[in-house]
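Geometric and topological summary
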Amino acid sequence: MAEVEYVPRKTSGASEETLTRWRTEIFGYYVAMKEFNNMDPSDLFRNLSQFTARASEMRARIALHENKVQSSFRIKIIDPFIEECERQFKIHSRILSNEEMIARLAGGRHA
């Protein structure tokens, strides 16, 4: 696994401008989710991993010095987004498992 260097950022939580950028970024992830049915499963799961890691980073930055506006952003935008990522993971994991079972049965191998 590659080493990841931690780069500290300012510790004032997140400004209004930052929250606006994050909102746009998260809504872009929702748009990307609409294409999950057209993706290779490994790419889909990588995307979900990246999305949740990024949202968790946002949540952690807010937690440094959370104020009312940032708390609202976390509760209304970040937390539901992470929940949706978890839901998408479950849905697509089930679809993949079902497809694998169908392929095994079609091949004559019963597991």
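Above this text is the structure in question.
Details of the packing of aromatic side chains
The geometry of two aromatic rings is summed up by the distance between their centres and the angle between their planes. With the rule as written, the count across this model stands at eight aromatic pairs. Seen in terms of ring centroids, Tyr-30 and Phe-81 are 5.2 Å apart; in terms of plane orientation they differ by 85°. Their pairing is edge-to-face. Taken together, the residues Tyr-30 in helix α1 (residues 16-33) and Phe-81 in helix α3 (residues 68-106) connect sequence positions 51 residues apart. Here Tyr-30 falls in the partly exposed class, since its relative accessible area comes to 29%. Overall, Phe-81 belongs to the buried group, its relative accessible area being 0%.

Focus: the packing of helix α2 (residues 41-64) against α3
The geometry of a pair of packed helices is captured by two quantities: the angle between their axes and the separation between those axes. Close contact between α2 and α3 brings their axes to 10 Å; oriented N to C, the two are set at 160°. The angle between the axes of α2 and α3 places the two elements in the roughly antiparallel class. When you trace α2 past α3, the crossing you get is left-handed. Here the contact of α2 with α3 is built from residues that sort into 15 nonpolar, six polar and three charged.

Looking at the pattern of salt bridges
Evaluation of the coordinates by the stated rule reveals eight salt bridges. A salt bridge links Arg-21 to Glu-17; the shortest N-O distance between them is 3.3 Å. With Arg-21 and Glu-17 both in helix α1 and four residues apart, this pair spans about one turn of that helix. Among the residues examined, Glu-17 registers a relative accessible area of 56% and is labelled exposed. For the salt bridge of Arg-74 with Glu-66, the shortest nitrogen-to-oxygen distance reads 3.1 Å.

Thoughts on the environment of Asp-79
The topology assignment puts Asp-79 in helix α3. Each C-alpha atom, one on Asp-79 and one on Arg-59, is 8.2 Å from the other, the two residues being 20 residues apart in sequence. A polar contact of 3.2 Å, which involves the side chain of Asp-79, links it to the side chain of Arg-59.

Rules used throughout
Residues numbered from 1 in each chain as written. Predicted model: local features only at pLDDT ≥ 70, side-chain atom pairs only at ≥ 80, totals over all residues. Heavy atoms only, no water. Phe/Tyr/Trp six-rings, centres within 6.5 Å; stacked < 30°, edge-to-face > 60°. Helix = DSSP H or I, 4+ residues; strand = E, 2+ residues; numbered from the N terminus. Buried < 20%, exposed > 50% of the residue type's maximum accessible area, 1.4 Å probe, protein only. Axes fitted to C-alpha atoms, helices over the stretch in contact; angles between N-to-C directions. Parallel < 35°, antiparallel > 145°, perpendicular 65-115°, else oblique. Left-handed = near helix turned anticlockwise from the far one by under 90°. Nonpolar A, V, L, I, M, F, W, Y, C, P; charged D, E, K, R; others polar. Salt bridge = Lys/Arg side-chain N within 4 Å of Asp/Glu carboxyl O. Polar contact = N/O pair within 3.5 Å; in protein donor to acceptor, adjacent residues only side chain to side chain.

Remember that the coordinates give geometry; whether it matters functionally is a separate question.
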